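Notes for the structure review
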Amino acid sequence: MKRYNPQLVESKWRKNWQTADLYKGIDFAKRPKYVMLTEFPYPSGEGMHMGHIREYTLGDIIARQKRMEGFNVLYPMGYDAFGLPTENYAIKNKVSPEVATQKNIANFQEQLERLGFSFDWSRRINTSDPAYYRWTQWLFLRFFQAGLAYQQEIAVNWCPFCKTGLANEEVINGRHERCDTLVEKKLLKQWLLRITDYAQRLIDGLEQVDYLPRIADQQINWIGKSKGAEIKFKIVNQPDQFIEVFTTRPDTIYGATYLAIAPEHNLINSLIGPKQKSQVENYIKQAQAKSDIQRQDNQSKTGVFSGSYAINPINNQQIPIWIADYILMNYGTGAIMGVPAHDQRDFDFAKKYQIAIQYVIEPSFGQAQEKQLEREAIVAVVINRQKQQVLMLNWGARQHSSGGQLFIGGGVEPGEDLQACARREIAQECGYTNLKIINQLDYNVHNHYYSNVVDQNCYAKIRGFLFELTDDNKVDPNLDSGEKNKFSIEWVNIQDVEKLVSDPAHKYIYQALLSEQKAVVGEGIMVNSSKYDRLNSSQARELIVKDLTKQGLAREKINYRLRDWIFSRQHYWGEPIPIIHCKKDGAVAVPDQDLPVELPKLDHYQPTGTGESPLSAVTDWVNTTCPKCGQPAKRETDTMPNWAGSSWYYLRYFDPNNNKMFASRDKLDYWGAVDLYLGGMEHVTLHLLYSRFWHQFLFDQGLVPTPEPYLARRGQGIILAADGTKMSKSKGNIVNPLEIIDSGYGADALRLAITFLAPYDQTTPWSPESLGGTFRFLQRIWTMVGEFNAADGGNQESEELVRVINKTVKRVSKDLLNLSFNTAIAGLMDCVNQLYLIKAKDRYQSVQWQWALETLVKLIAPFAPYIAEELWEQLANQGSVHLSSWPTYQEKYVAEEKTVFVIQINGKVRGQVRLAIGSSQADVEKEALKDPKIASYWQANKIVKKIFVPDKLLSLVIKSE
RNA sequence: GCCGGAAUGGCGGAAUUGGUAUACGCGCACGACUCAAAAUCGUGUUCCUUUUUGGAAUGAGGGUUCGAUUCCCUCUUCCGGCACCA
């Protein structure tokens, strides 16, 4: 018997699979379809990394198993070849991007083939191929003709390193996600796609598909829907002018003490007062020079008074209009009503510029009762700075809303000053008199509770005070009879206070007093709001919008954080945008029959950095004639972003060589939507969102048959380096998959190791040692099949063998259905371990061995395709194991006859008995009593309760005295 | 700050609707084979105590239950995403 040598096995079958057409002779028409999609790679010079291998291995396992189950599986692969890294590489190495791409693709191709992925290479696509991008351009023109592609001069995110504009999604923490360069703002005329028109659809569509919840959540989050209202504020002395603000909290409108607008706001010039002119113009200049990151430095909000006033429509109050760069022009209306009392940002701004703070909502706790004692009250927190302790009253065990640990509290006497009241209560309850006021709240906290002292339901409007104890001097406490002996005074360490305080209102007051005074941002009770007083803020919110809408001063509005997709790039290596600019006819679509607009061959494709693409220098390409009027005209010189070709690539796989349409309707109808899409989490708000948008639009145009492109989407986790950090070139901890294969482990062991490591969707460190484990596992199977061939075989019957195999078939099938790949492999390992035990006993003399080993080989085929094919041949089978059918199991061989009943005493396992499935409680009890230990519990104690779970356990509750 | 996810042996990780926690693999220890090593095969391996027995343990604390890794509440830490979004 030869040793398992992956090199020999894998090269042999790689050759055979290339020459043999594996799928010839299959009647696909009779099979149900299954589209297994993994993200196609960007063919960088680096070649494949572990993440690619994980993704494509998982897809391959599913594709192969589904094929064996009788599906017509489409498992395609291609190259997403346009993009900046190739262009940068080409410039650096003085080759054309086209040549660089060809070279990189050849490298990738070889690597993919080494790993034994069952891609249908006849459908290979390349997004930079004119035969492909012809259709990317064609699809773009559909957007253009539907009015969803438009040009606008906007301040775009500009990457000074890549010298191109970027989409919002490509900016991470103010940096370009590809090169990590700080992004600047630049005013450019850009093409945009109206993805915002699909914001709601993109949210709603998620309900029809099966995405990993965190993928759907991330998309919803990114789209960022918020409900609110737009409210008009008139401008003083300009009767026809008004500023519209967007707010999600119209209920706080009585607290609006100023209005703020973005420096880019279009009404700004009409607002500047003569005195403020130079100051305001200076500020605007400064603000525009700032990058986004500088503006987001919220340590210091800045602004300037415009010189004008607005009128609050709810109460006709005049409020100042400020210009502030914390207001973003591209969200809402670029203007807000400033409510410092109830918005932390406005609060910070108002503090800095001494703008009035008006509380109109007060926090409220507990439920109002029918008969409740209503009163004004104080809560006093007394702190001992030296000892870091806080004074608390312990009212005994907390029951319902009474008792527990509280601060000092008490009712306000008629006409009494609030702070005086707090001092009086402290003296009365604890005796302390030497106190320094440190902080006090400017609003009430409403509390509904039950009072021990007066023995009834109370509703208190509480004002909070924070005192510092200056010395320990005390007077005698002076308690009334209701309070005497009901509480004890305790000094509590400051770090324990929040844990101990039992009443939510007291806790709120404590936190508000100790933190820097903050805005009240939650819901609460309306105050200082005229007729809306005493209402719930959420109710008032709706009423106020309704009332203002009636007067034509407001309307309900839903805003999305999502911005339109900036679709222009100022680079060479991308799809030319197929538009011709004509002086007379404006932007005109290149006629469909003239597509593709091919990229001209260039000698220099360096980005210009001027905001124009290098194509603009190719005058004989740029100069053309208008398709409408025939007059001289110029071509659009911007190219499409990297994400264009991948927005529809899955559709091209259905019909890759069609030169009449992007895909024929027949093929689209047959394949429909992708059944399972596996990809990286990093593309959830980029590629995944973009392609869903394209697909939804194509569906609306009647060009595709399904409303959503992907029926299910999962994301695989990242493989970290063995030290738990991200693999990166700079750290030098990258694991090269090809080196692993060549070091003697082979592709099969690598595929198994990466799959067995952890659940597929979990980020997990790579462990080189696990490779030894999976290699040994394959070797054990190899040995077993080899020895079996050497043996003569026999005619014993082994039910054990039949059972082990049947159970494994069931387990592996079920795990694969749940994408639980790692446990499926554990099941296969378990199976091999058990076969070794059986083998040791019967020395291959059982008649079922041939069948058992064949079945095992089928089960490992999706995971380790090379060795499976080799062993399939060694077991004297015709054809490919990958065309054999997935094994099935019989329930009668999976079901056990006997099972273990666990005997529990008071919830603890004290014994177990092995009895037939379906045994009665009486049988189990009888058997259990044979165990002297159990019997001793039985006799010596009184049995309170017996719980019997069929086929599982008998649990006894006994009284132990 | 907001939205997700996670926490189990020395390590990666298992555990149906709540029902024997630690499957499978790695590592480690011991043994067999060998002149020896590698490879392979076998045995053991949560911790504490112990002769058996027994006790404790799934990030921390509480709750529901005969019984909780699993359900509920509070908290801690880590990871991912978003973030001046009004």
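Refer to the structure printed above.
A few points on the structure. None of these values were measured; they are calculated from a predicted model.

The rules behind each value
- Residues numbered from 1 in each chain as written.
- Chains lettered and ligands numbered in written order.
- Predicted model: local features only at pLDDT ≥ 70, side-chain atom pairs only at ≥ 80, totals over all residues.
- Heavy atoms only, no water.
- Helix = DSSP H or I, 4+ residues; strand = E, 2+ residues; numbered from the N terminus.
- Buried < 20%, exposed > 50% of the residue type's maximum accessible area, 1.4 Å probe, protein only.
- Contact = heavy atoms within 4.5 Å.
- Near = heavy atom within 4 Å.
- Polar contact = N/O pair within 3.5 Å; in protein donor to acceptor, adjacent residues only side chain to side chain.
- Pairing = 2+ DSSP bridges.
- Axes fitted to C-alpha atoms, helices over the stretch in contact; angles between N-to-C directions.
- Parallel < 35°, antiparallel > 145°, perpendicular 65-115°, else oblique.
- Left-handed = near helix turned anticlockwise from the far one by under 90°.
- Nonpolar A, V, L, I, M, F, W, Y, C, P; charged D, E, K, R; others polar.
- Arc of directions from axis to C-beta.
- Salt bridge = Lys/Arg side-chain N within 4 Å of Asp/Glu carboxyl O.

Of the regular secondary structure elements, chain A holds 28 helices and 41 strands. Projected onto its principal axes, the C-alpha positions of chain A cover 110 × 105 × 50 Å. By residue count, 54% of the 961 residues in chain A fall in the buried class. Contacts spanning at least 24 positions in sequence make up 74% of the contacts within chain A whose residues lie at least 6 apart.

All right, on to the protein's contact with RNA strand B then. In the region of RNA strand B, 58 residues are neighbours, and T248, R295, K301, R345 and Q762 sit closest. By atom count, sugar and phosphate contribute 62% of the portion of RNA strand B lying within 4 Å of the protein. Here N822 contributes a side-chain N or O atom positioned 3.2 Å from a phosphate oxygen of RNA strand B. Sorting the residues of the surface near RNA strand B by element identifies helix 7 (213–223), strand 12 (238–247), helix 21 (769–790), helix 23 (821–842), strand 38 (898–905), strand 39 (908–916), strand 40 (942–949) and strand 41 (953–959) as the ones contributing at least two each. Broken down by element, the surface near RNA strand B gets its largest block of residues, six residues, from helix 23.

With that settled, consider the environment of L602. With respect to the element layout, L602 can be found in the loop between strand 31 (586–589) and helix 16 (619–622). Taking the C-alpha atoms as reference points, L602 and A617, separated by 15 residues in sequence, lie 9.8 Å from one another.

Let us look at the pairing of strand 15 (residues 318–324). Of all seven residues that make up strand 15, six are buried, and the element is covered over most of its length. Across three bridges, strand 13 (residues 258–261) lies against strand 15 in parallel orientation. Across the sheet, the residue bridging to L259 is I321, located in strand 15. Turn length for the strand 14 (residues 303–311)-strand 15 hairpin, with the two strands adjacent in sequence and antiparallel, is six residues, and the turn residue N316 shows positive phi of about 60°.

Looking now at the sheet that holds strand 1 (residues 33–38). Strand order in the open sheet formed by five strands is 2-1-34-35-10, with parallel pairing between adjacent strands. Of all strands in the sheet, those with a lone pairing partner are strand 2 (72–74) and strand 10 (210–211), marking the two edges. In this fold helix 2 (residues 50–68) packs onto strand 1, strand 2, strand 34 (676–680) and strand 35 (712–716), with an angle of close to 175° to the strand it touches most, strand 1.

Before going further, it helps to spend a moment on the sheet that holds strand 9 (residues 184–193). Taken in spatial order, the four strands line up as 6-5-9-29 in an open sheet, and their pairing is antiparallel. Each end of this open sheet is capped by a strand with a single partner; those strands are strand 6 (164–166) and strand 29 (565–566). The pairing of strand 5 (residues 149–159) with strand 9 spans ten bridges and is antiparallel. Following the sheet pairing, A155 is matched in strand 9 by L187. Across the sheet, helix 5 (residues 130–145) touches strand 5 and strand 9, and the angle it forms with strand 9 is around 90°.

Turning next to the packing of helix 1 (residues 6–19) against helix 20 (residues 737–756). Put simply, helix 1 and helix 20 touch, their axes get as near as 8 Å, and they point 55° apart. The angle between helix 1 and helix 20 falls in the class oblique. At the point where helix 1 passes helix 20, the crossing takes the left-handed sense. Between helix 1 and helix 20, the residues in contact are P6, Q7 and E10 and I741, D742, G744, Y745, G746, A747 and D748, respectively. When its residues are assigned to classes, the contact of helix 1 with helix 20 shows four nonpolar, three polar and three charged.

With that out of the way, let us pick up helix 27 (residues 921–929). By the burial criterion, the buried members of helix 27 are V924, E925 and A928. Summarising the axial view, the buried residues of helix 27 lie within an arc of 100°, below the 170-degree limit, and thus occupy one face. Seen from the buried face of helix 27, the exposed residues on the opposite side, beyond 90 degrees, are A922 and K926.

This part covers the pattern of salt bridges. One pass over the full model with this rule turns up 38 salt bridges. In this structure, R424 engages E413 in a salt bridge whose closest nitrogen and oxygen atoms are separated by 3.8 Å. Here R424 is found in helix 12 (residues 418–430), whereas its partner E413 is found in the loop between strand 22 (408–411) and helix 12, with eleven residues between them in sequence. K810 serves as the salt-bridge partner of E891, at 3.6 Å between the closest nitrogen and oxygen. Here E891 is found in helix 26 (residues 891–894), whereas its partner K810 is found in helix 22 (residues 799–817), with 81 residues between them in sequence. On the basis of relative accessibility, which here comes to 27%, the residue K810 falls in the partly exposed class. Connected through salt bridges with shared partners, the residues E230, E244, R555 and K557 form a single ionic network.

With that out of the way, let us pick up the packing of helix 7 against helix 19 (residues 687–700). One way to put it is that helix 7 packs onto helix 19 with a least axis distance of 11 Å and a crossing angle of 80°. Between helix 7 and helix 19, the interaxial angle falls into the category roughly perpendicular. In this structure, helix 7 contributes I215, Q219, W222 and I223 to the contact, and helix 19 contributes L688, L689 and R692.

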